[in-house]
Structures are given as structure tokens and as C-alpha cells.
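Listed below are the residues making up each chain.
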Amino acid sequence: MRHNGVHALRSNTRRRRIVTATTHGNRFPAARLVTISAWATPVLIIGQFAMVAALPVALVLIGTLSDTRLRALRWWAAALAAVYAIPLALWPIGPDPAPSLSKDMNPVLAALIVATAIAVAIANHRRSRNSSRSGPRAGTA
């Protein structure tokens with residue numbers, strides 16, 4: 001029997017429900033996407049893949065703006081996008097642009113991007129930990 005994306009299975013006298021992915025549901029929430037992208041950004045910057053880091057920076061910004069549960073992270077995500085945009089904007093207008101963004105990026109700006117991305121990831125972890133603590137406690141009715 002199928003009702004609204006939920007399969008109902010009969011087991012002797014009990015009835016169990018198994019929730020499956022539907023077009024209406026989201027099995028990969030924005031919070032997880034923001035966490036993975038926030039941790040990927042410093043890895044890519046340190047690994048000298050600064051131009052590829054534009055994707056996780058954009059995903060952090062889009063994820064925090066699209067999910068209302070991540071409202072507290074919006075300032076952090078905006079700071080990360082702004083800090084990343086500085087070397088990205090300075091790269092093509094420099095007097096002698098390097099062939100890659102990683103080679104042209106000032107180490108201080110790279111460190112600032114890494115620190116901001118780690119701050120976003122930690123703020124997201126703290127947010128998720130605090131929201132799980134605020135729920136009902138086990139054993140209380």
C-alpha cells in the first residue's frame with residue numbers, strides 16, 4: 001500500500017512505515033550541503049585549487065539563503081563569499097595576472113578565506129548541536 005511517498009508494510013499484527021524519497025521530500029538537507037561545502041573550501045584553498053573553491057563557496061551561500069533553519073549562518077556565509085570575492089576580483093585586474101588564482105592569491109587572503117570557511121563549518125556544527133539539544137529529552141512526556 002502506498003500513500004504520499006510512504007510505503008506501509010504489514011508484519012503479522014503490527015504495521016511499520018518506511019519513509020522513502022519523493023519529489024516533495026529532501027533526503028539531502030541544506031545543512032549537510034553547507035557543512036560539506038564549508039569544510040571543502042579550506043581543503044581546496046590549501047590544496048591550491050582556489051578557482052574550484054568557488055563552487056563550495058557558492059553552495060554555502062545558496063544553502064544558507066534557501067533554508068530558513070540556517071538563518072543564523074547567513075552572515076557567516078556572506079562573509080565567506082565576500083572574502084573569497086576579493087582575490088577573485090583582484091586576479092584579472094592585476095598588473096601581471098598569474099595563470100591561476102592560487103598562484104596570484106595573497107597568502108594573507110588565502111588564510112582569511114580558510115579561517116572564515118572553518119568558522120562557517122564550526123558555526124554550523126554548533127547550530128545543529130544546539131538545535132538537537134533543545135528538542136524533547138528522552139524519558140520525559
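This structure is a prediction, so every number in the text was calculated from the model and none was measured.

Attention now moves to the overall build of the chain. If you tally the helices and strands in the chain, you get five helices and three strands. In the chain, the succession of α and β elements from N to C terminus is β-β-β-α-α-α-α-α. For the chain, with 141 residues in total, the buried portion stands at 32%. When contacts within the chain are restricted to residue pairs at least 6 apart in sequence, those whose partners lie at least 24 apart make up 54%.

Where helix α2 (residues 54-66) contacts helix α3 (residues 74-93), the axes come no closer than 9 Å and their chain directions differ by 155°. Taken together, the axes of α2 and α3 lie roughly antiparallel to each other. For α2 against α3, the interelement crossing comes out left-handed. Here α2 contributes A54, V57, V60, L61, T64 and L65 to the contact with α3, which in turn contributes R74, A77, A78, L80, A81 and Y84.

What follows is about the side chain of N124. Note on placement: N124 falls in helix α5 (residues 107-133). Engagement of the side chain of N124 in a polar contact is seen with the backbone oxygen of A31, the distance being 3.2 Å. At 3.2 Å, the side chain of N124 and the side chain of R127 are in polar contact. Excluding residues within four positions of it along the chain, N124 makes contact with A31, V34, T35, L70 and L73.

Over its 17 residues, helix α1 (residues 30-46) extends 25 Å from the first C-alpha to the last, a length consistent with the 24 Å expected when each residue adds 1.5 Å. Turning to α1, its buried residues number three or more, namely A30, A31, V34, T35, S37, A38, T41, P42, L44 and I45. Among the residues trailing α1, Q48 stands out with phi positive, at a value near 65°.

Moving on, we get to a nonpolar patch on the surface. A surface patch of nonpolar side chains, about 300 Å² in accessible area, is lined by I86, L90 and I93. Its location among the elements puts I86 in helix α3. Residue I86 is classed as partly exposed on the basis of its relative accessible area, which comes to 40%.

Let us now look at the nonpolar core. Taken as a class, soluble globular proteins show a tendency for nonpolar side chains to be buried jointly. Within the largest apolar cluster, 28 residues are counted, with the highest numbers of intra-cluster contacts made by I45, V60, L80, Y84, M105 and I113. The element that contributes the greatest number of residues to this core is α5, accounting for eight residues.

This next bit is on α3. Under the 1.5 Å per step criterion, the end-to-end length of α3 is 29 Å for 20 residues, consistent within 8% with the ideal 28 Å. Taken together, the buried positions of α3 are A77, L80, A81, V83, Y84, P87 and W91.

Calculation criteria
- Residues numbered from 1 in each chain as written.
- Predicted model: local features only at pLDDT ≥ 70, side-chain atom pairs only at ≥ 80, totals over all residues.
- Heavy atoms only, no water.
- Helix = DSSP H or I, 4+ residues; strand = E, 2+ residues; numbered from the N terminus.
- Buried < 20%, exposed > 50% of the residue type's maximum accessible area, 1.4 Å probe, protein only.
- Contact = heavy atoms within 4.5 Å.
- Axes fitted to C-alpha atoms, helices over the stretch in contact; angles between N-to-C directions.
- Parallel < 35°, antiparallel > 145°, perpendicular 65-115°, else oblique.
- Left-handed = near helix turned anticlockwise from the far one by under 90°.
- Polar contact = N/O pair within 3.5 Å; in protein donor to acceptor, adjacent residues only side chain to side chain.
- Expected span 1.5 Å × (residues − 1).
- Patch = residues over 30% accessible without salt bridge, like charges linked within 9 Å, V, L, I, M, F, W, Y side chains within 5 Å.
- Areas by Shrake-Rupley, 256 points an atom, 1.4 Å probe, with all protein chains shown as cover.
- Salt bridge = Lys/Arg side-chain N within 4 Å of Asp/Glu carboxyl O.
- Core = buried A, V, L, I, M, F, W, Y, C linked by side-chain atoms within 4.5 Å.

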